[in-house]
Amino acid sequence: MRIDVLTVLPGLFDCFLKEGVIGKAISSGKVEVKVHNIRDFTTDKHRVVDDVPYGGGPGMVLKPEPIFRAYDELTKEGEKPYVLLTEPWGEKFNQEMAVELSKKPRLMIICGRYEGVDERVKSLVDREVSIGDYVLTGGELPAMVIMDAVLRLIPGVLGNLESLRADSFSDRGLLGYPNYTRPAEFRGMKVPEVLLSGHHKKIESWRKEQSLRKTLERRPEIIENLKRKGLLTKEELE
Ligand SMILES: Nc1cc(-c2ccc3ccn(Cc4ccc(CN5CCCCC5)cc4)c3c2)n[nH]1
């Protein structure tokens, strides 16, 4: 997969693209992520990327020309990207969308700043995406959240963990099961016996039951949603 990111703050992505699972996936060439400074696509001496909003109002708006110039330049050859624009009020990002986006060969993520992008930029956009009902200072953190959730789903990115990972849970949006590691008892708190039993079938069913119970308690709508889609097995429903 290739991802092109358009932003006026490219430096925000430096650590994200170097560290951890994402950093390894890029350095190993499993995925390609290129961050582009919108300012590099201006043509005036002062490299202006924003201007005051028509009709008045607070702050500045990102001008359309530099973004369109970047889009045209980056889509001259190769597959057309599926274009995301991060917004406070876009479609809510979730695991289902992450799975769908992970199947696209090429993504472009346009990151707004200031009061957002000129409305005409949306003529380039396939999906306006929000990562939650709260207002951040710009679209870069949402872009990193989206890339993190999407890239970890690319085959080979999670390495050998992938085959072992019970992602049928989180891929269906179920909450995770409790995790423990040594010591078996810490400050009087013991690890559940079943996890020390070495009985894999029992451990798996305990984890599934914990995940379903936690989801039912905290996010019953996820269970209802899975029921409606027929994505819960008979024994999971018991
Ligand atoms: N999930 C999530 C994504 C974002 C996000 C994404 C992209 C951008 C680009 C700029 N901001 C900051 C911002 C957004 C909205 C306003 C309100 N303002 C009211 C008057 C008309 C114009 C807009 C102000 C500043 C962004 C914020 N926040 N949260």
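The residue numbers shown here count from 1 along each chain, following its written sequence. Totals for whole chains, interfaces and linings use every residue, but because this is a predicted model, local features are given only for residues with pLDDT of at least 70 and side-chain atom pairs only at 80 or more, for both listing and counting. As a rule here, side-chain values cover all heavy atoms of the structure and leave hydrogens and water aside.

Now for the site of the ligand. If even one non-hydrogen atom of a residue comes within 4 Å of a molecule or strand, that residue is called near it. If you check the shell around the ligand, you find 19 residues, and the closest are E115, I131, G132, Y134 and L136. Two N or O atoms count as a polar contact when they lie within 3.5 Å, although within protein this holds only if one can serve as hydrogen donor and the other as acceptor, and sequence-adjacent residues are included solely when both atoms are side-chain atoms. Interatomic distance of 3.3 Å between a side-chain N/O atom of S130 and a nitrogen atom of the ligand. Residue I131 places a main-chain N or O atom 3.1 Å away from a nitrogen atom belonging to the ligand. Note on areas: Shrake-Rupley with a 1.4 Å probe; residue coverage comes only from the protein chains shown. With the chains in place, 75% of the 620 Å² that the ligand exposes on its own is no longer accessible. Here the shell around the ligand takes four residues from strand β5 (residues 82-92), the largest share from any one element. A run of H or I in DSSP counts as a helix once it spans at least four residues, and a run of E counts as a strand once it spans at least two, with each numbered from the N terminus.

Here we come to helix α4 (residues 95-102). Those residues of α4 not exposed but buried are M97, A98, V99, L101 and S102. Buried residues in α4 make contact with β5, β6 (106-111), β7 (127-130) and α5 (140-151). The N-capping residue of α4, defined by a side-chain oxygen 3.2 Å from the backbone nitrogen of E96, is N94. Three exposure classes are used, based on accessible area relative to the maximum for each residue type with a 1.4 Å probe and protein chains only: buried under 20%, partly exposed in between, and exposed over 50%. The criterion used for residue contact is that any of the two residues' heavy atoms lie within 4.5 Å.

Structurally, D118 is set in the loop between β6 and β7. The buried category is assigned to D118, whose relative accessible area is 14%. A polar contact of 2.7 Å, which involves the side chain of D118, links it to the side chain of R120. Sequence-distant contacts of D118, defined by excluding residues within four places in its chain, comprise V61, L62, K63 and P64.

This part is about the nonpolar core. In this structure, I3, F93, L101, M147 and L151 are the most contacted members of the largest nonpolar core, which totals 31 residues. Looking at this core, the elements with two or more residues in it are β1 (2-7), α1 (14-18), α2 (20-27), β5, α4, β6 and α5. Top contributing element to this core by residue count: α5, with seven residues. What is meant by a nonpolar core is a set of buried Ala, Val, Leu, Ile, Met, Phe, Trp, Tyr and Cys residues, joined one to another through side-chain atoms within 4.5 Å.

Moving residue by residue along a regular strand, the side chains alternate between the two faces of the sheet. In terms of burial, β1 is a largely internal element, five of the six residues being buried. The rule for pairing is simple: two strands pair if DSSP sees at least two bridges between them. Direction of pairing for β1 relative to strand β2 (residues 32-37): parallel, over a ladder of six bridges. The residue bridging I3 from the neighbouring strand is V33, located in β2. Bridge count between β1 and β6: five bridges; the pairing is parallel. Looking at β6, one finds that D4 is bridged to M108.

Turning next to the domain arrangement of the protein. Domains assigned within the protein are domain 1 (2-151) and domain 2 (161-237). Domain borders in the structure are assigned automatically or taken from a domain database. Spacing between the C-alpha centres of domain 1 and domain 2 amounts to 34 Å.

Now for the packing of helix α9 (residues 200-218) against helix α10 (residues 220-228). One way to put it is that α9 packs onto α10 with a least axis distance of 5 Å and a crossing angle of 110°. Relative to α10, α9 is oriented roughly perpendicular. Here L212, T215, L216, E217 and R218 of α9 come into contact with α10, specifically with P220, I222 and I223. The nonpolar class holds Ala, Val, Leu, Ile, Met, Phe, Trp, Tyr, Cys and Pro. Asp, Glu, Lys and Arg form the charged class, and all remaining residues, Gly among them, are polar. Considering only residue class, the contact of α9 with α10 consists of five nonpolar, one polar and two charged. Note on geometry: axes are lines fitted to C-alpha atoms, helical ones only across the stretch in contact, with angles between N-to-C directions running from 0 to 180 degrees. Here roughly perpendicular refers to angles of 65 to 115 degrees, roughly parallel to angles under 35, roughly antiparallel to angles over 145, and oblique to all remaining angles.

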